[in-house]
Amino acid sequence: MSFNKIFVLFLITLFLPLQSEAFLGIIKRFDQKQKITAAREAYAKGNYQEAIEIGQKFLTENQEAPKRRARRIYLVLGNAYAALDDYDHALLTYNEALEVLPKDLELNLALANLYYKTELYDKAIEFYNRALQIDKDNPKALLGLGRAYLKIGFLSKSRHYFKDYLNQNKEKDASVYYDYAISNFLSNNLNMAIEYAQKAQEIDNNNPDIYFLIAKIHNNLNENKMANENINKALQLSDNREDILLTSLLWKAYKKDTANDALKEIKEYQKQNPNSQLAVFIEGISLLTQGKKQKALSIFKKIKEQNNDSFIKQIAEQIIKNN
Amino acid sequence: MPYRLIKLLLIFLFCFLGQNIFAVTAKEEDAILRDFAWQKFIELPKQERSKVGVTLSAGALRGASHIGVMEVLSEAGLPIDYMSGASMGCIVGALYNAGLPLEHLQHLVNNINTNHISKDFNIGGILRYLFAEKLFSSAEFQEFIDKEVGSKNYEDLPIPFACVSADIKTGEKVIFDSGPLSLGVRASMNLPGIFEPVEYRQRLLVDGGIVDYMPVDLVKKMGADFIIAVYALPSFAGTKPSNVMGYVLRIGDLRGAVLTENSERQADFVILSRVGEISSSDLSKTNLAIEIGASSAYQALPKLKEQLIISGVNYVFQ
């Protein structure tokens, strides 16, 4: 064997292990990518359990996987758990992912959204804020903060974030306008509330909730005609939804010119809803508005005799006590 | 299917459909009436409703939660006729009452630093405190308040306001309800053992929280007949203060917990801000305290509205 042949064989022996390692690496990367694709496809098809199984297997087998790939699989896994309403596991997955990738925008938003969904609003606020630290004008984070602050009743902050979101996003969304209108309505900023409720109505004019909100705003502005028109429309669209109906009858019972109509309507309502305490109360109020005090008091006594500790009962008791 | 089984099924369906399964719950019915009556209540003329007094407790930086509480009460349209406060409660009450927007108040509290409180918070001052036993001066804080509110007097405030301080010589409670606002505020938050007492009319004044942590009695004397007490709740939870300031504040909290028991009994409604996990001296957590205050007040709001409506039921449902 010539020297050259021996030298070539020597080189092959030297590089073979390295080549095989690189080759194995390529295979591993290929396998990881395939698993991620499979998990994503399973998720997209709604096969959440399958996506979870692939995701879990991936994380067990590839603990040293690069962050980029781990991030993708964590997102699929977390989203799949969330889609199956398994919030505990979804929270664990996102939190675990954020330990590895604390600055990942999408993961922070996913976790914030999940906290919002599970009504842990203070935690949602914390992670929306983290998302804003990564991307200071992120629209999803701004909107999330607007909604989370609305839920905890911190209305000025809620309005602040809604405003920022609306300034940056020209896309018209009835639900955002509606929430912003609610935030203003609850703070008695009635002009802003009506402006945005009407914007929501322009986009979605078959939504009873929007008409109901507009009716309540007009009612607080003492614009009775507009309030009645809108609450009637809300009733029509919602097929006489009970909360809207009772509110409408309460308004009518409180006014002298409509108290008698309210009395007739509430008696009809009571036939279908014999257990409604508010209906009995509305009957009493419509009698009181019409000056029929004794009759009204006998109605309130019916509420007093009921065995509960509701606010309605406490009010009825107080009216009886004061008369 | 056997005839009897079909009959039973039909009876079941008849009973089931006979009920209105979409009926609103008792809770929802209460909420409908509450929303309606609350609007009527806040529109009542002053003479036709309860006179509402709000008192804000002491609590050092935990008391920043009062800003969140005031925000919620104010947004709900709650009419406030009288106010009082001790220590941090006095600061928040005074600034709110002087017309500072709540958002500005949040900004102030989130950005406050030691230079706003004392010029002695430096190496020289600390050495004097340690070796010459000279307490820090809180004069800067008075200037800071004056700068923010524009040298207002108690008499200039739209809502009658009082805050409480203590005379370290006699142990007496000293009430500020007239004269320069900033002086009373400084005296009310003047932590004993840290700040030198404020000399005022032969008195040596220190933090009011040590004699009246939550001055319910002040708004009562002013004429309130419905008192809302706001308590920035401390939590001892077996933790140990980490420094001298922490020990001083802990003593105040312990004494405060005893004093507030009586104050809570005198109040018609108590809002508890669950800020116990926040250290009294942690400047970095004021924003969190404000948010906890807002969330605590918002949770308490339905019950508060109900009690106020009940107190004015004759005027709401005439």
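Residues numbered from 1 in each chain as written. Chains lettered and ligands numbered in written order. Predicted model: local features only at pLDDT ≥ 70, side-chain atom pairs only at ≥ 80, totals over all residues. Heavy atoms only, no water.

1. Topic: the interface of chain A and chain B
Going by this rule: Residue contacts are defined here by distance: any two heavy atoms, one from each residue, within 4.5 Å place the two residues in contact. Summed over both partners, the accessible area (1.4 Å probe) lost when two parts come together is defined as the buried area. Throughout this description, the term salt bridge denotes a Lys or Arg side-chain nitrogen within 4 Å of a carboxyl oxygen of Asp or Glu.
Counting residues at the interface gives 40 residues for chain A, matched by 36 residues for chain B. Carbon and sulfur atoms make up 59% of the area that chain A and chain B hide from each other, which totals about 3300 Å². Considering only the surface of chain A that becomes buried against chain B, F154(A), Y254(A) and F311(A) emerge as the three largest contributors, covering 22% of it. The interface formed by chain A and chain B contains two salt bridges.

2. Description of helix α13 (residues 242–254) of chain A
Each full turn of the α-helix corresponds to 3.6 residues, which orients residues three or four apart in the same direction. The criterion, for reference: Every helix listed is a DSSP run of H or I at least four residues long, and every strand listed is a run of E at least two residues long, numbered separately from the N terminus. Working rule for helices: expected span equals 1.5 Å times residues minus one. Each residue is placed in one exposure class: buried if its accessible area under a 1.4 Å probe, protein chains only, is under 20% of its type's maximum, exposed if it is over 50%, and partly exposed if it falls in between.
In a regular helix each residue adds 1.5 Å, so 13 residues correspond to 18 Å; α13(A) covers 18 Å between its end C-alpha atoms and thus fits that length. Of all 13 residues in α13(A), ten are buried, a share of seventy percent or more. Looking only at α13(A), the buried set comprises E242(A), I244(A), L245(A), L246(A), T247(A), S248(A), L249(A), L250(A), W251(A) and A253(A). Tucked inside the fold, the buried residues of α13(A) contact α11 (208–220), α12 (224–237), α14 (259–272) and α15 (277–289) of chain A together with α2 (26–43) of chain B.

3. Let's talk about a positive patch on the surface
Here is the rule: The patches reported here contain residues having more than 30% relative accessible area and no salt bridge. Joining distances are 9 Å for like charges and 5 Å for nonpolar side chains (Val, Leu, Ile, Met, Phe, Trp, Tyr). Here the accessible surface of atoms and residues is derived via Shrake-Rupley with a 1.4 Å probe, and residues count as covered only by protein chains that are part of the display. In this charge count, Lys and Arg are treated as positive and Asp and Glu as negative; neither His nor the chain ends contribute. Positions of charges follow a simple convention, taking NZ of Lys, CZ of Arg, CG of Asp or CD of Glu.
A cluster of basic residues, K267(A), K292(A), K295(A) and K302(A), forms a positive patch at the surface. The topology assignment puts K295(A) in helix α16 (residues 293–304).

4. A look at the pattern of salt bridges
Residues and elements named next belong to chain A. One pass over the structure, following the stated rule, counts 23 salt bridges over all chains. The salt bridge involving K123 is made with E126; its shortest N-O contact spans 3.3 Å. Residue K123 and its partner E126 are located together in helix α6 (residues 121–134), separated by three residues, close to a single helical turn. The class of K123 is partly exposed, set by a relative accessible area of 30%. We classify E126 as partly exposed; its relative accessible area is 30%. In this structure, D243 and R241 form a salt bridge, with 2.8 Å as the shortest nitrogen-oxygen distance. Accessibility expressed as a relative area gives 21% for D243, which makes it partly exposed. A relative accessible area of 27% places R241 in the partly exposed class.

5. Description of the confidence of the model for chain B
Residues and elements named next belong to chain B. Rules: pLDDT: the predictor's confidence for each residue, scored from 0 to 100.
Averaged over all residues, the pLDDT of chain B is 86; the fraction at 70 or higher stands at 92%. No element of chain B has a lower mean pLDDT than helix α1 (residues 3–18), which averages 55, and none a higher one than strand β1 (residues 52–56), which averages 97. In this model, residues 14–19 is a region of pLDDT below 50 whose contacts with residues beyond four sequence positions or in other chains number two contacts. Confidence metrics for the complex model read pTM 0.84 and ipTM 0.81.

6. Description of a nonpolar patch on the surface
The grouping of I123(B), I126(B), L127(B), L130(B) and F131(B) at the surface amounts to a nonpolar patch, some 560 Å² of accessible area in total. Accessibility expressed as a relative area gives 52% for L130(B), which makes it exposed.

7. Some thoughts on the nonpolar core
Most often, soluble globular proteins have nonpolar side chains that are buried together. Just so we agree on the cut-off: The criterion is simple. A nonpolar core is a set of buried Ala, Val, Leu, Ile, Met, Phe, Trp, Tyr and Cys residues joined through side-chain atoms within 4.5 Å. Where each domain starts and ends follows an automatic or database-derived domain assignment.
F281(A), F300(A), I315(A) and F317(B) are the most contacted members of the largest nonpolar core, which has 186 residues in total. If you tally residues by element for this core, the top one is helix α12 (residues 286–311) of chain B, at ten residues. Shared between two domains, this core takes at least three residues from each, and those domains are domain 1 (1–101) and domain 2 (240–323) of chain A. Beyond its immediate sequence surroundings of up to four residues, F281(A) is in contact with F300(A), I303(A), I312(A), I315(A), A316(A), I319(A), L33(B) and F317(B).

8. Thoughts on the side chain of R34(B)
Assignment of secondary structure puts R34(B) in helix α2. On the basis of relative accessible area, R34(B) is assigned to the buried category, the value being 14%. With residues up to four places along the chain from it excluded, the contact list for R34(B) reads F311(A), P302(B), K305(B), E306(B) and I309(B).

9. Focus: the packing of aromatic side chains
The condition is simple: Aromatic pairing here means that ring centres of Phe, Tyr or Trp (its six-membered ring) are within 6.5 Å. Orientation follows from the plane angle: under 30 degrees is stacked, over 60 is edge-to-face, and everything else is tilted. Whether a charge sits over a ring depends on NZ of Lys or CZ of Arg being within 6 Å of the ring centre and within 35 degrees of the ring normal.
Counted under the stated rule, the structure contains 17 aromatic pairs over all chains. On the numbers, 6.4 Å between centres and 85° between planes, the contact of Y254(A) with F317(B) is edge-to-face. Of the two residues, Y254(A) is situated in helix α13 and F317(B) in the segment after α13 (313–316); the pairing between them involves two chains. For F317(B), a relative accessible area of 4% translates into the label buried. Judged by centre distance (6.1 Å) and plane angle (85°), the ring pair of Y213(B) and Y231(B) falls under edge-to-face. Taken together, the positions of Y213(B) in the loop between β6 (203–207) and α10 (216–222) and Y231(B) in strand β7 (residues 226–232) put the pair 18 residues apart, joining distant regions of the chain. Each member of the pair, Y213(B) as well as Y231(B), carries the same accessibility label: buried. Taken together, Y254(A), F281(A), F300(A), F36(B) and F317(B) form an aromatic cluster joined through their ring pairs. Directly above the ring of F212(A) sits K216(A), whose terminal nitrogen or CZ lies 4.4 Å from the centroid.

10. Brief notes about the layout of surface pockets
Heads up, the condition is: Any residue with an atom within 4 Å of a point lines the site, the site being either a cavity, points on a 1 Å grid over the protein atoms alone where a 1.4 Å probe fits but cannot get out, or a pocket, an open set with protein on both sides within 12 Å along at least 5 of 7 lines. Grid points are joined across faces, edges and corners, and a volume is the space filled by probe spheres set on the points. Residue type decides the class: Asp, Glu, Lys and Arg count as charged, Ala, Val, Leu, Ile, Met, Phe, Trp, Tyr, Cys and Pro as nonpolar, and the leftover types, Gly among them, as polar.
Empty space within the largest pocket amounts to approximately 1600 Å³. Lining the largest pocket are 44 residues, and of these F185(A), L186(A), K216(A), D35(B) and Y298(B) lie nearest its centre. Among the elements of the structure, α7 (139–152), α9 (174–186), α11 and α13 of chain A together with α2, α3 (65–75) and α12 of chain B are those that each provide at least two residues to the lining of the largest pocket. Taken together, the residues of the lining of the largest pocket sort by class into 24 nonpolar, six polar and 14 charged. Taken together, 42 residues make up the lining of the second largest pocket; nearest its centre are A60(B), L191(B), F195(B), M245(B) and L249(B). Taken together, the elements giving at least two residues each to the lining of the second largest pocket come down to α4 (88–97), α5 (102–111), α6 (114–117), α7 (123–131), α8 (139–149) and α11 (244–266) of chain B. It is α11(B) that provides the largest number of residues to the lining of the second largest pocket, a total of eight residues.

11. Points about unusual backbone geometry
Notably, N222(A) is not glycine yet its phi reads approximately 60°, a positive angle. Here N222(A) is to be found in the loop between α11 and α12. A relative accessible area of 52% places N222(A) in the exposed class. The residue Q202(B) is not glycine, and still its phi comes out positive at about 65°. Residue class for Q202(B) comes out exposed when judged on its relative accessible area of 70%.

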